[in-house]
Amino acid sequence: MGLTADQIRHSLDALAAKEQRFAIALEQAGYPEPRIRDRGYTTLLRTIVGQQVSVAAASSMWNKLEAKLGPECAPEKLLAEDFDSLRACGLSRQKQGYARSLAELVVSGALPLDALPEDDEEAIAYLTKVKGIGRWSAEIYLLFAEGRADIWPAGDLAVQEGVKRILLLEERPTEKPTRELAENWRPHRGAAAIFTWHYYATGFEAI
């Protein structure tokens, strides 16, 4: 599971103590709610289903898949369906390829999700072996499902915009400077990421 409310609060208090802009932003926006997902295959499959579509479209596709395959969309059941059946649920040819790749890896035991490497970068490399799971998807999984406390999805546009607003930067930083700016926030970057989403969503600008 992801970071708990207490873990987030502890990390953000630590960041506020060392970073004045964080302290100001935290006073403005308050503490964010935890973002928690279940560990395992279903969360990764749902990530694939939701790529490059709206939240509403992703929810519709997932509901159709569960209606067809049952709760959690078991990998064995997904592999038993043909192209047209999954297409009727909204999955494109590409997404079907990604979903089948994931299901095959899980069924074969080649992707034991209960035994991810402890090192975050190694875990990211492990997850990105799955077709359709890029670095961002792997980072989100590790943060929301595994509760890895120092995950920092620097390529996320909302994280970048949140950093811009919190630190009063003139321009939204790209991925590399966003990663560099957060080096001093270790080992609390996971909570920092959750807060940047929260701060961005509130529409605040730091003062």
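Presented here is a report on the structure given in the accompanying data block.

So, how was this worked out
Residues numbered from 1 in each chain as written. Predicted model: local features only at pLDDT ≥ 70, side-chain atom pairs only at ≥ 80, totals over all residues. Heavy atoms only, no water. Helix = DSSP H or I, 4+ residues; strand = E, 2+ residues; numbered from the N terminus. Rg over C-alpha atoms; globule rule 2.2 N^0.38 Å. Buried < 20%, exposed > 50% of the residue type's maximum accessible area, 1.4 Å probe, protein only. Contact = heavy atoms within 4.5 Å. Areas by Shrake-Rupley, 256 points an atom, 1.4 Å probe, with all protein chains shown as cover. Lys, Arg positive; Asp, Glu negative; His and termini not counted. Charge placed at Lys NZ, Arg CZ, Asp CG, Glu CD. Axes fitted to C-alpha atoms, helices over the stretch in contact; angles between N-to-C directions. Parallel < 35°, antiparallel > 145°, perpendicular 65-115°, else oblique. Left-handed = near helix turned anticlockwise from the far one by under 90°. Core = buried A, V, L, I, M, F, W, Y, C linked by side-chain atoms within 4.5 Å. Salt bridge = Lys/Arg side-chain N within 4 Å of Asp/Glu carboxyl O. Expected span 1.5 Å × (residues − 1). Arc of directions from axis to C-beta.

**Describing the overall build of the protein**
For the protein, the helix and strand inventory stands at twelve helices and zero strands. If you list the helices and strands of the protein from N to C, you get α-α-α-α-α-α-α-α-α-α-α-α. Since a compact globule built from 207 residues should have a radius of gyration of about 17 Å, the 18 Å found for the protein is in line with a globular shape. Each principal axis of the C-alpha atoms in the protein carries an extent, and together these give about 55 × 35 × 30 Å. Here the protein holds 207 residues, and the buried ones make up 46% of them. Counting only contacts in the protein whose residues sit at least 6 apart along the sequence, the fraction spanning at least 24 positions is 65%. For the protein, the exposed area adds up to about 10,500 Å²; of that, 50% sits on carbon and sulfur atoms. Charge-centre separation for the protein: the mean point of 25 positive side chains lies 5 Å from the mean point of 30 negative side chains.

**Here we look at the packing of helix H8 (residues 120-127) against helix H9 (residues 135-144)**
Running from N to C, H8 and H9 point in directions that differ by 120°, and their axes come no closer than 9 Å. As far as their axial angle goes, H9 and H8 are oblique. When the axes of H8 and H9 are compared, the crossing they make is right-handed. Two secondary-structure elements touch here, H8 through Asp120, Glu121, Ala123, Ile124 and Leu127 and H9 through Arg135, Ala138, Glu139, Tyr141 and Leu142.

**Digging into the nonpolar core**
One finds Leu45, Leu65, Leu127, Trp152, Trp185, Phe195 and Trp197 to be the most contacted residues of the largest nonpolar core, which totals 58 residues. At seven residues, the largest contribution of residues to this core is made by helix H12 (residues 189-202). In contact with Phe195, not counting residues within four places along its chain, are Leu12, Phe22, Ala25, Leu26, Ala29, Gly30, Pro32 and Ile166.

**Details of the pattern of salt bridges**
Within this structure, the stated rule accounts for twelve salt bridges. The residue Asp150 makes a salt bridge to Arg189 at a minimum N-O spacing of 3.1 Å. A residue pair is termed long-range when its members are at least 10 positions apart, and Asp150 in the loop between H9 and helix H10 (157-167) and Arg189 in helix H12 qualify at 39 residues. Taken as a pair, Asp150 and Arg189 share a single burial class, namely buried. Connected through shared salt-bridge partners, Glu121, Arg135, Glu139, Glu175 and Arg179 make up one network.

**Observations concerning helix H4 (residues 55-69)**
With 15 residues, H4 ought to run about 21 Å at 1.5 Å a step, and its terminal C-alpha atoms sit 21 Å apart, in line with that. Looking only at H4, the buried set comprises Ala58, Met61, Trp62, Leu65 and Leu69. The buried residues of H4 occupy one face: seen down the axis, they fall within an arc of 100°. Relative to its buried face, H4 has exposed residues pointing more than 90 degrees away, namely Ala56 and Ala67. One or two positions beyond H4, positive phi appears at Gly70, with a value near 95°.

**So, unusual backbone geometry**
In this structure, the amide linkage connecting Arg186 to the following residue, Pro187, adopts the cis form with an omega of 0°. Turning to its location among the elements, Pro187 is positioned in the loop between helix H11 (175-181) and H12. The phi torsion at Gln52 lies on the positive side, around 60°, for a residue other than glycine. Within the secondary structure, Gln52 is located in the loop between helix H3 (41-49) and H4. Even without a glycine there, the phi angle at Leu168 is positive, about 60°. If you trace the backbone, Leu168 turns up in the loop between H10 and H11.

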